[in-house]
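# Remarks on the overall topology
The residues making up each chain are set out below.
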Amino acid sequence: MSSGLQSRRVQDSVRPYCTGSIAPIPFVPPSCPEDFRVRELPLEEPGPGDDGWTHLWIEIEKRGLSTAQAVGRLARALGREAREVGYAGRKDAMGITRQFLSLEHVEAAAVRDLKLKNLRVLATGRRARKLRVGELAGNRFDVTLRDVSPERHPDLERALSQLTREGLPNYYGPQRFGSGGITRELGQLLVRGEWLAYVRAWVRAQQGEDDVPSDSPVARLLTALDSRQRSDWRGVRPLAAELPGPLVPLAKQMARRPLDLASLVRSLPRRTKALHVSALQSAVLNRVQARPIAQPRPAERRAGEWRRPRRSPYHNKRTQKNRCPVASSPLVDDSTPTPTATHP
């Protein structure tokens, strides 16, 4: 039996090929870390910095580790909390990647002397403040494709020449949107203000299953959410001992503020909600970037449309990010026609 709520997952739409006139070229994708290398490009070239600056920037190279794993290892080795470590962006786990971190009140010598598995410190210096997400100029990729047929080398050269001339849309991949697109769906519900549907979908995402057993604590929590009786909301407090960790604060908030859906949403981790909105923004960006391919136009205009403007009306000076008011955008709904926005 189940809780009665069927999973409704949003899939990322199929994107058109940039080089549609060239038949697909088979190859074996990267299968080992050495086949996929990434180097983070900082906004400003790191240097020794001012002696009075309290933050240390740290350039690391990691192999087969996610950014979160690398940050955790570094923090533990220095006796610090992972949340104290700053970074500009997350890098792939499957690969050899270089990126910058920051940490306040730590000696450079102690960092340089660290000996960690699959992680090494390349350089250090001083900076004035903590490194924030988005503070990077970009990433440089070095990808090895194996078993490309020699007969297709001319086609490969044509394709690369076309991409060099016209540009390449930097699509977000399926992993950006979560399993089955659930992260994007959560972002869509959040910006629409559909609080009940948002909280229910988030609860189910913590369960990690399409169907929630009807006799489980999670199912009882979902049933209480659907109720318009204050007593039912207050009655979920005893469930806290049986619920998965992330759902405990939610159950306590339900008991504390019965029928107050807005307070439930506010009680969810801020970073989690930001991730959901970011996934929706990424879906909007994918659709905007696909438009020049679906509606061909001169190459010089097409390449220009794929470049993110240095500044936009939604630019945030502190984080150096471009933000889009997706809540009022027709792109929120997959059933809408071709997007009309000019930038994400």
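Reference entry: report on the structure contained in this document. The structure displayed is predicted, hence computed values, not measured ones.

Attention now goes to the overall build of the protein. Helix and strand content of the protein: 11 helices and 8 strands. Looking at the protein residue by residue over its 344 residues, the buried ones come to 42%. Across the protein, contacts joining residues at least 24 apart in sequence account for 75% of those joining residues at least 6 apart. Surface accessibility of the protein: about 19500 Å² in total, with carbon and sulfur atoms responsible for 50%.

By the definition in use, this model includes 14 salt bridges. Notably, a salt bridge pairs Lys-91 with Glu-40, separated by 2.6 Å at the nearest N-O pair. Separated by 51 residues along the polypeptide, Lys-91 in the loop between strand 3 (86-87) and strand 4 (96-104) and Glu-40 in strand 1 (residues 36-42) bring together distant segments of the chain. By the burial criterion, Lys-91 is buried, and Glu-40 matches it. Here Asp-155 and Arg-158 are joined by a salt bridge, their closest N and O atoms 3.3 Å apart. Here Asp-155 pairs with Arg-158, and both are found in helix 3 (residues 153-166), just 3 residues apart, close to one helical turn. Arg-158 sits in the partly exposed class, given a relative accessible area of 46%. Where salt bridges share partners, they join Glu-61, Arg-98 and Arg-120 into one cluster.

Now for the packing of helix 6 (residues 217-226) against helix 8 (residues 248-256). Remark: helix 6 packs on helix 8, axes separated minimally by 12 Å, with the N-to-C direction vectors making an angle of 35 degrees. The handedness of the crossing between helix 6 and helix 8 is left-handed. Across the interface between the two elements, Leu-221, Ala-224 and Leu-225 of helix 6 pack against Leu-250, Ala-251 and Met-254 of helix 8. The residue makeup of the contact of helix 6 with helix 8, split by class, is 6 nonpolar, no polar and no charged.

Let us now look at the environment of Glu-34. Inspection of the secondary structure assignment puts Glu-34 in the segment before strand 1. Through-space distance from the C-alpha of Glu-34 to that of Gly-95 is 6.3 Å; in sequence the pair is 61 residues apart. Excluding anything up to four places from it in sequence, Glu-34 contacts Arg-63, Ile-96 and Thr-144.

A separate point is unusual backbone geometry. Phi at His-105 is positive, roughly 55 degrees, even though this residue is not glycine. Mapped onto the fold, His-105 is located in the loop between strand 4 and helix 2 (108-112). A relative accessible area of 58% means that His-105 is categorised as exposed. Even without being glycine, Asp-147 reaches a positive phi, approximately 60 degrees. Mapping Asp-147 onto the fold places it in the loop between strand 6 (136-143) and helix 3. The class for Asp-147 is exposed, based on a relative accessible area of 64%.

Before going further, it helps to examine the side chain of Thr-67. Within the secondary structure, Thr-67 is located in helix 1 (residues 67-77). Of the polar contacts made by the side chain of Thr-67, one reaches the backbone nitrogen of Lys-91; its length is 2.7 Å. Among all residues touching Thr-67, those that are not within four sequence positions of it are Lys-62, Tyr-87, Gly-89, Arg-90, Lys-91 and Gln-99.

Let us look at helix 6. Side chains that are three or four residues apart share a direction in an α-helix, a result of its 3.6 residues per turn. By the criterion of burial, helix 6 is predominantly enclosed, with 7 of the 10 residues buried. All of the buried residues in helix 6 are Pro-217, Val-218, Ala-219, Leu-221, Leu-222, Ala-224 and Leu-225. Buried residues along helix 6 sit in contact with helix 5 (195-207), helix 7 (230-234), helix 8 and helix 9 (261-267).

A few words now on the side chain of Thr-124. Take Thr-124: it is sitting in strand 5 (residues 119-127). Under the relative-accessibility criterion, Thr-124 is labelled buried at 16%. Among the polar contacts made by the side chain of Thr-124, one reaches the side chain of Arg-112 at a distance of 2.9 Å.

Attention now goes to the nonpolar core. If you look at the biggest cluster of nonpolar residues, it comprises 28 residues, and the most contacted ones within it are Val-203 and Leu-221. The leading source of residues in this core is helix 6, at 6 residues. Among all residues touching Leu-221, those that are not within four sequence positions of it are Val-203, Val-236, Leu-239, Leu-243, Leu-247, Leu-250, Ala-251 and Met-254. Ala-70, Val-71, Val-106 and Ala-108 belong to the second-largest nonpolar core, a separate cluster that totals 19 residues.

What counts, and where the lines are drawn
- Residues numbered from 1 in each chain as written.
- Predicted model: local features only at pLDDT ≥ 70, side-chain atom pairs only at ≥ 80, totals over all residues.
- Heavy atoms only, no water.
- Helix = DSSP H or I, 4+ residues; strand = E, 2+ residues; numbered from the N terminus.
- Buried < 20%, exposed > 50% of the residue type's maximum accessible area, 1.4 Å probe, protein only.
- Contact = heavy atoms within 4.5 Å.
- Areas by Shrake-Rupley, 256 points an atom, 1.4 Å probe, with all protein chains shown as cover.
- Salt bridge = Lys/Arg side-chain N within 4 Å of Asp/Glu carboxyl O.
- Axes fitted to C-alpha atoms, helices over the stretch in contact; angles between N-to-C directions.
- Left-handed = near helix turned anticlockwise from the far one by under 90°.
- Nonpolar A, V, L, I, M, F, W, Y, C, P; charged D, E, K, R; others polar.
- Polar contact = N/O pair within 3.5 Å; in protein donor to acceptor, adjacent residues only side chain to side chain.
- Core = buried A, V, L, I, M, F, W, Y, C linked by side-chain atoms within 4.5 Å.

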